[in-house]
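In case you want the letters, here they are:
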Amino acid sequence: MGRGDLTNAEWDRLESFLPRGGTRGGRWSDHRRVINGVLYRVRTGVQWRDLPERFGPWETVYKRHRRWSADGTWKMLLSRIQAAEDAAGRIDWDVSVDSTAVRAHQHAAGARRTPPRGSSKGARPGDEPGRSGASETGRPAGGGGQVGECLGRSRGGFTTKIHLVADGRCRLLAFILTPGHHGDGPQLEPALEQISVPRTGVGRPRTRPDHVLADKAYTSRENRRYLRRRGIRHTIPERLDQQQHRRRRGSRGGRPTGFDSERYKKRNTVERAINRLKGFRAVATRYEKRAYIYLGTITLAALAIWLRT
């Protein structure tokens, strides 16, 4: 076993959820070797052609990653592991929301404007419910919306932004992509809507956290109204200009928002989750032209974090 490969314990947790056969009656190459190859590339950020020979042909590793990013296999594996953790009571549902900008490499530019062809025999990007890109109108990648590549110009340059929800143990529960110049506040609702942890028995997936922590970027009335409508308690500080505007309006300004400063200290969990996520170099710098493949890269990195925490 090489550095960063799946341990026997991690493989035992993952093996039963993997697809059993290949397409058209064929056989898959060894799942463990190929997944270790994808993990090596996600961890180190090397070009696919530079993968060590112990992982087999680089084309096999790349095509498996592209196929499973397109058909939702990585997302399914992450959901299964989350479900097992939730059944064991190991998910802290006091969640934190934040975003991080990722600099896109020059090789991430130049994707064809025409929709990409099927990534494998029968699998088409965008067909699965949990994958889509962001259009020029700003629809995020991660669940529904028009297909796009989530690249934009911001103060940091050519960037993609990851909006994520982390549980109290610094693990990603949900995430979406937008172009780098998009704001944080409008993405609170789409990010929280991505939370869906299946039950191991009967019952609907869990979609509502116990408490939400977020910084001042998410303090809009729309966000607070959305959280109240869903019955989600929240701790979000109010901006100074909002406080002054409410005081100027007098009784028409409404009551001050509640804020628990001690509970807000727990928001550092999302910063630590981002730090863990960007320990994977293929996540910290975007090399993929297609948003759905980059989203699959993030999903695999999140899966590795869940397996090792």
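Because the structure is a prediction, the values reported are computed rather than measured. Numbers given to residues run from 1 along each chain, matching the order in which its sequence is written. Thresholds applied to this predicted model are a pLDDT of at least 70 for local features of residues and 80 or more for the giving and counting of side-chain atom pairs; totals over whole chains, interfaces and linings are not thresholded and use all residues. The side-chain numbers reported here are obtained from all heavy atoms of the structure, hydrogens and water having been left aside.

Asks: Run through the overall build of the chain, naming residues and quoting values.
Replies: Scanning the chain from N- to C-terminus turns up eleven helices and seven strands. Each residue is placed in one exposure class: buried if its accessible area under a 1.4 Å probe, protein chains only, is under 20% of its type's maximum, exposed if it is over 50%, and partly exposed if it falls in between. Put simply, the chain has 309 residues, and 51% of those count as buried. Accessible area of the chain: about 15600 Å², with a carbon and sulfur share of 45%. By the criteria applied, helices consist of DSSP H or I runs no shorter than four residues and strands consist of E runs no shorter than two, each listed in order from the N terminus. Per-residue accessibility takes into account occlusion by the displayed protein chains alone, with areas from the Shrake-Rupley method and a 1.4 Å probe.

Asks: Requested: an account of the confidence of the model for the chain, with residues and values cited.
Replies: Scored by pLDDT, the chain comes out at a mean of 87, with 84% of its residues at no less than 70. Contacts for the low-pLDDT stretch residues 119-138, under 50 throughout, to residues beyond four places or in other chains number 64 contacts. Predictor confidence is given residue by residue as pLDDT, running from a minimum of 0 to a maximum of 100. The contact criterion used throughout is that any non-hydrogen atoms of two residues lie within 4.5 Å.

Asks: Hey, could you go over the packing of aromatic side chains for me, with residue numbers and the actual values?
Replies: The geometry of an aromatic ring pair comes down to the distance between the two centres and the angle between the two planes. The rule is short: rings of Phe, Tyr and Trp, with Trp giving its six-membered ring, pair when the centres are within 6.5 Å, and they are stacked under 30 degrees, edge-to-face over 60, tilted in between. Counted under the stated rule, the structure contains four aromatic pairs. Ring geometry for Tyr-40 against Phe-55: centres 5.4 Å apart, planes inclined by 45°, an arrangement best described as tilted. Note that Tyr-40 is positioned in helix α2 (residues 31-44) and Phe-55 in the loop between α2 and α3 (58-71), a separation of 15 residues in sequence. Measuring from ring centre to ring centre gives 5.1 Å for Trp-68 and Trp-74, while their planes differ by 80°; the resulting arrangement is edge-to-face. Of the two residues examined, Trp-68 and Trp-74, each falls in the buried class. Lysine and arginine charges are scored as sitting over a ring when NZ or CZ, respectively, is within 6 Å of the ring centre and within 35 degrees of the ring normal. Its end group placed over the ring of Trp-68, Arg-64 keeps NZ or CZ at 5.6 Å from the ring centre. Directly above the ring of Trp-93 sits Arg-206, whose terminal nitrogen or CZ lies 4.1 Å from the centroid.

Asks: Quick one: what's the story with the side chain of His-163, residue by residue and with numbers?
Replies: If you trace the backbone, His-163 turns up in strand β3 (residues 157-166). Whenever two N or O atoms come within 3.5 Å, that pair is a polar contact, provided that in protein one can donate a hydrogen and the other can accept it, and provided that, for residues adjacent in sequence, both atoms are side-chain atoms. For His-163, the side chain forms a polar contact with the side chain of Thr-178, separated by 2.8 Å. Those residues in contact with His-163 that sit more than four places away from it in its chain are Asp-98, Ser-99, Ala-174, Phe-175, Ile-176, Thr-178, Gly-183, Asp-184 and Gln-187.

Asks: Now, about the pattern of salt bridges: what can you tell me, with residues and values included?
Replies: What makes a salt bridge here is a side-chain nitrogen of Lys or Arg within 4 Å of a carboxyl oxygen of Asp or Glu, nothing more. Going through the model one piece at a time under the given rule, you end up with 18 salt bridges. The partner of Asp-184 in a salt bridge is Lys-161, with the nearest N and O atoms 3.3 Å apart. One end of the pair, Asp-184, is in the loop between β4 (172-179) and α5 (188-193); the other, Lys-161, is in strand β3, and 23 residues separate them in sequence. Taken as a pair, Asp-184 and Lys-161 share a single burial class, namely buried.

Asks: An account of the pairing of β4 is requested, with residue identities and associated values reported.
Replies: The two faces of the sheet receive side chains in turn, since in a regular strand these alternate between them. The element β4 is extensively covered by neighbouring structure, given that eight of its eight residues are classed as buried. Following DSSP output, two strands are said to pair if at least two bridges run between them. Relative to β4, β3 is paired through seven bridges, and the arrangement is antiparallel. Of the residues in β4, the one forming a bridge with His-163 is Ile-176. Between β3 and β4, which pair antiparallel one after the other, the connecting turn spans five residues, and Cys-170 there sits at a positive phi close to 65°.

Asks: I'd love a proper account of unusual backbone geometry, names of residues and values included.
Replies: The backbone of Cys-150 sits at a positive phi, close to 55°, despite the residue not being glycine. Its location among the elements puts Cys-150 in the loop between β1 (94-104) and β2 (152-154). A positive phi angle, close to 65°, is found at Cys-170, a residue other than glycine. The topology assignment puts Cys-170 in the loop between β3 and β4.

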